[in-house]
Amino acid sequence: MIWQLDLAILTLVVIAGIGAITVKDLLGAAILFGAYSFMMCLLWSIMGAVDVSFTEASVGAGASTVFFVAAVFRTTRRTKD
Amino acid sequence: MQMLVAKYNYWIYITLMMIGLYAMIAKNNLVKKIVGMSIFQTAIILFYVSIGAKRGATIPIIEHGHGEGHGAGTHMVHAVDYINPLPHVLMLTAIVVAVATLGVALALAIRVYNRYNTLEEDEILAQIREK
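These figures come from a predicted structure and were not determined experimentally.

Parameters and conventions
- Residues numbered from 1 in each chain as written.
- Chains lettered and ligands numbered in written order.
- Predicted model: local features only at pLDDT ≥ 70, side-chain atom pairs only at ≥ 80, totals over all residues.
- Heavy atoms only, no water.
- Axes fitted to C-alpha atoms, helices over the stretch in contact; angles between N-to-C directions.
- Helix = DSSP H or I, 4+ residues; strand = E, 2+ residues; numbered from the N terminus.
- Parallel < 35°, antiparallel > 145°, perpendicular 65-115°, else oblique.
- Left-handed = near helix turned anticlockwise from the far one by under 90°.
- Contact = heavy atoms within 4.5 Å.
- Salt bridge = Lys/Arg side-chain N within 4 Å of Asp/Glu carboxyl O.
- Buried < 20%, exposed > 50% of the residue type's maximum accessible area, 1.4 Å probe, protein only.
- Phe/Tyr/Trp six-rings, centres within 6.5 Å; stacked < 30°, edge-to-face > 60°.

A. Spatial organisation of the packing of helix H1 (residues 3-22) of chain A against helix H2 (residues 26-46) of chain A. Residues and elements named next belong to chain A. At a minimum axis separation of 9 Å, H1 and H2 run at an interaxial angle of 160°. Comparing the axis directions of H1 and H2 gives the class roughly antiparallel. Considering how the two elements wind past one another, H1 and H2 form a crossing that is left-handed. Residues Leu5, Asp6, Ile9, Leu10, Leu12, Val13, Ala16, Gly17, Gly19 and Ala20 of H1 touch H2, and the partners they reach there are Ala29, Leu32, Phe33, Tyr36, Met39, Met40, Leu42, Leu43 and Ile46.

Next comes the structure, spelled out in structure tokens:
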């Protein structure tokens, strides 16, 4: 485990998480959530959990983002907070 | 102090968990609440994977496991050389459950939107009270 890389990606995870819940556009929130999931996937491959890492890359960053984008296009992009 | 700095993974996991809890409680939009729920779930997965991580260990695949000919059974397998794979296997199940709950939650949000024509919680509650 390389701690410099670990700390940098942990910072990016927190930034992407805060961005996903504060941006005032639901499509932007969906894409930022995809970035958050991908950063988590990188974090797990750093920590040696390669099986969790590729499951997160396909399911978390792939399928979840598609679900969010599909839900946003079937409803609305507008949000008040 | 040394303990607090060395365990920085756990501080980040608490931070992410509080971000998710805040989004679930304080946000007004249903999709934002669902994003908060997913962040909360990944924070717990981060905690479990951090438990299994070790310094100076490799990924949990045994080297020289199936020896060719003479090497079979002569190599000692030291558990300290490998990362603990048990939390990884548990969290593999948790990721699949997380995407299933996400799909159900988004389907319910789409039904709510079709009925009330909004995703904001206060507007939905106002429409329910009018009836």
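B. Fine view of the pattern of salt bridges. Under the counting rule described, the total for this entry stands at four salt bridges over all chains. Lys80(A) is the salt-bridge partner of Asp122(B), the closest N and O atoms lying 3.2 Å from each other. Of this pair, Asp122(B) sits in helix H5 (residues 121-130) while Lys80(A) is found in the segment after helix H3 (50-74), placing the two residues in two different chains. Among the residues examined, Lys80(A) registers a relative accessible area of 42% and is labelled partly exposed. Glu121(B) is the salt-bridge partner of Lys33(B), the closest N and O atoms lying 3.5 Å from each other. Of the two residues, Lys33(B) sits in helix H3 (residues 30-52) while Glu121(B) sits in helix H5, which places them 88 residues apart along the sequence. The exposure class of Glu121(B) is partly exposed, given its relative accessible area of 32%.

C. Quick look at the packing of aromatic side chains. Under the definition given, this model contains five aromatic pairs over all chains. Look at Phe33(A) and Tyr36(A): their rings are 5.8 Å apart centre to centre, the planes differ by 25°, and that puts the pair in the stacked class. With Phe33(A) and Tyr36(A) both in helix H2, this residue pair falls three residues apart, about one helical turn. Ring centres of Phe47(B) and Tyr48(B) lie 5.6 Å apart, and the angle between their planes is 80°; on these two criteria the pair is classed as edge-to-face. Ring pairing ties together the aromatic residues Tyr10(B), Tyr13(B), Phe47(B) and Tyr48(B), which thus form one cluster.

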